[in-house]
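Below, each chain spelled out in residue letters.
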Amino acid sequence: MKNISVIGAGTMGNGIAHVFAQNGFQVQLIDISEKALERGLATIEKNLDRQLAKEKITEETKKHTLTNIETVTDLSKGVAEADLVVEAATENEKIKLDLFKQIDQAAPNHAILASNTSSISITKIAAATHRAEKVIGMHFMNPVPIMQLIEVIRGYSTDDETTKAIMSLSKNLGKIPVEVNDYPGFVANRILMPMINEAIITLHEGVAGVQEIDTVMKLGMAHPMGPLQLADFIGLDVCLSIMNVLYEGLGNPKYAPCPLLVNMVTAGVHGAKTGEGFYQYTKGSKELIVSNRFTK
């Protein structure tokens, strides 16, 4: 594989493009918005500068990484010569299914089609194409340039050749791939999201406050970040979406999203990206201030 197409220039997409380009691949970064592409490239350059400041890369590596990335707004053109397409669009089933129908028609027959989805069924995504055996999940962790894990999700029809190719490719990126099967939430979110949901229930029932819950998990369980802060960082809307996938897919009431989470998302309170979640976020400040909604 030499030519990689990445669909979506947001947080995950630009991180995925960064990692492939830094490892010598030719990357087509695709988004319908020129502004999104500009922001994506600016983020990549900023992250490269951080690596440079920490002496993890050289100035030459930074230059080659940026040279290896071409931005495109036309999806058909962007995937026309791809050996691998990695979809990193928003976590919305309809959007992903529509995208994979388009990608399947425009990408070369040999191309592997991967989704960075964190919860949506790879089997269902593959069914929207005529190459189900070449459809697979590549669930990168955020921030992509730093986190080592890639969850490699094998759909019902994904063949051995495709799986081996993606496992090998992931190692060539300096990542640690873990193969999992296609069930709701896969492994990472099947375990993580119920924990976050339980933390929200604990807050909702008045067992403890926001900082107290996060402090217990950080100091008592050695988590680098408390579950409520992590929920803000992931996006409360994304957390709710994944909990709904688990609840609907597994049919077990233990996966029902907390009513507080539902209400916050309905009210447009989505965490760090909207400036407020369980904490309040001020641009340029790293100080965590508990949202006024949760202070007595």
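Residues numbered from 1 in each chain as written. Predicted model: local features only at pLDDT ≥ 70, side-chain atom pairs only at ≥ 80, totals over all residues. Heavy atoms only, no water.

Engineer: Can you lay out the environment of Ile 95 for me, pointing to particular residues and giving the numbers?
Structural biologist: Tracing the backbone shows Ile 95 in helix H5 (residues 93–106). Residue classification places Ile 95 among the partly exposed positions, given a relative accessible area of 35%. Sequence-distant contacts of Ile 95, that is, excluding residues within four places in its chain, are made with Ala 89 and Thr 90. (Helix = DSSP H or I, 4+ residues; strand = E, 2+ residues; numbered from the N terminus. Buried < 20%, exposed > 50% of the residue type's maximum accessible area, 1.4 Å probe, protein only. Contact = heavy atoms within 4.5 Å.)

Engineer: Provide a residue-level description of the pattern of salt bridges, including the pertinent values.
Structural biologist: Any two side chains of opposite charge can pair, given that their charged atoms come close. For the structure shown, the criterion picks out 11 salt bridges. As a salt-bridge pair, Arg 293 and Glu 276 come within 2.7 Å of each other at their nearest N and O atoms. Linking Arg 293 in the segment after strand S10 (289–290) with Glu 276 in the loop between helix H12 (259–266) and strand S9 (279–280), this pair joins segments that are 17 residues apart in sequence. (Salt bridge = Lys/Arg side-chain N within 4 Å of Asp/Glu carboxyl O.)

Engineer: Go over the environment of Ser 121 with me, naming the residues and quoting the values.
Structural biologist: Within the element layout of this structure, Ser 121 appears in the loop between strand S5 (112–115) and helix H6 (122–126). Sequence separation of Ser 121 and Ile 196 is 75 residues, and the distance between their C-alpha atoms is 21 Å. A polar contact is formed between the side chain of Ser 121 and the backbone nitrogen of Lys 124, at a distance of 3.1 Å. (Polar contact = N/O pair within 3.5 Å; in protein donor to acceptor, adjacent residues only side chain to side chain.)

Engineer: Talk me through the packing of aromatic side chains; I want residue IDs and the actual numbers.
Structural biologist: Within the structure shown, the criterion is met by three aromatic pairs. Ring plane angle 85° and centroid distance 5.4 Å describe the contact between Phe 20 and Phe 25, whose orientation is recorded as edge-to-face. The two residues Phe 20 and Phe 25 agree in class, both being buried. (Phe/Tyr/Trp six-rings, centres within 6.5 Å; stacked < 30°, edge-to-face > 60°.)

Engineer: Give me the side chain of Asn 68: which residues, what numbers.
Structural biologist: Following the sequence through the fold, Asn 68 ends up in the loop between helix H3 (59–67) and strand S3 (69–72). A polar contact is formed between the side chain of Asn 68 and the backbone oxygen of Ala 21, at a distance of 3.0 Å. In terms of polar contacts, Asn 68 uses its side chain to reach the side chain of Gln 26, at 3.2 Å. Not counting residues within four places of it along the chain, the set of residues in contact with Asn 68 comprises Ala 21, Gly 24, Phe 25, Gln 26 and Val 27.

Engineer: So what's going on with unusual backbone geometry? Which residues, and what values?
Structural biologist: The amide bond that connects Asn 142 to the next residue, Pro 143, takes the cis arrangement and shows omega of 0°. Along the polypeptide, Pro 143 turns up in the loop between strand S6 (135–140) and strand S7 (149–154). Phi at Glu 55 is positive, roughly 60°, even though this residue is not glycine. Overall, Glu 55 belongs to the exposed group, its relative accessible area being 73%. Here the phi dihedral of Phe 186 falls at roughly 55°; this positive angle occurs in a residue that is not glycine. Structurally, the position occupied by Phe 186 is in the loop between strand S8 (176–181) and helix H8 (188–204). Look at Phe 186 and you get buried, because its relative accessible area is 5%.

Engineer: Report on the sheet that holds S7, specifying residues and quantitative values.
Structural biologist: An order of S3-S2-S1-S4-S5-S6-S7-S8 is seen for the eight strands of this open sheet, with the pairing classed as mixed. If you trace the sheet from one side to the other, it starts and ends with S3 and S8, each paired once. In this sheet, neighbouring strand axes are inclined to one another by 25° on average, regardless of whether the strands run parallel or antiparallel. Judged from the four bridges that link them, strand S2 (residues 26–30) and S3 form a sheet pairing that is parallel. Bridge assignment links Ile 30 to a residue of S3, and that residue is Val 72. Each of strand S1 (3–7), S2, S3, strand S4 (84–87) and S6 is contacted by helix H1 (residues 11–22), which is oriented at about 170° to S2, the strand it contacts most. (Pairing = 2+ DSSP bridges. Axes fitted to C-alpha atoms, helices over the stretch in contact; angles between N-to-C directions.)

Engineer: I'd like a rundown of the UniProt feature "domain: 3-hydroxyacyl-CoA dehydrogenase NAD binding" (unreviewed entry) in the chain, residues and numbers included.
Structural biologist: Mapped onto the present numbering, the UniProt feature "domain: 3-hydroxyacyl-CoA dehydrogenase NAD binding" (unreviewed entry) falls at residues 4–182. In residues 4–182, the share of helix is 44% and the share of strand is 22%. The end C-alpha atoms are 24 Å apart. (UniProt positions renumbered as here; feature names shortened; annotations may be inferred.)

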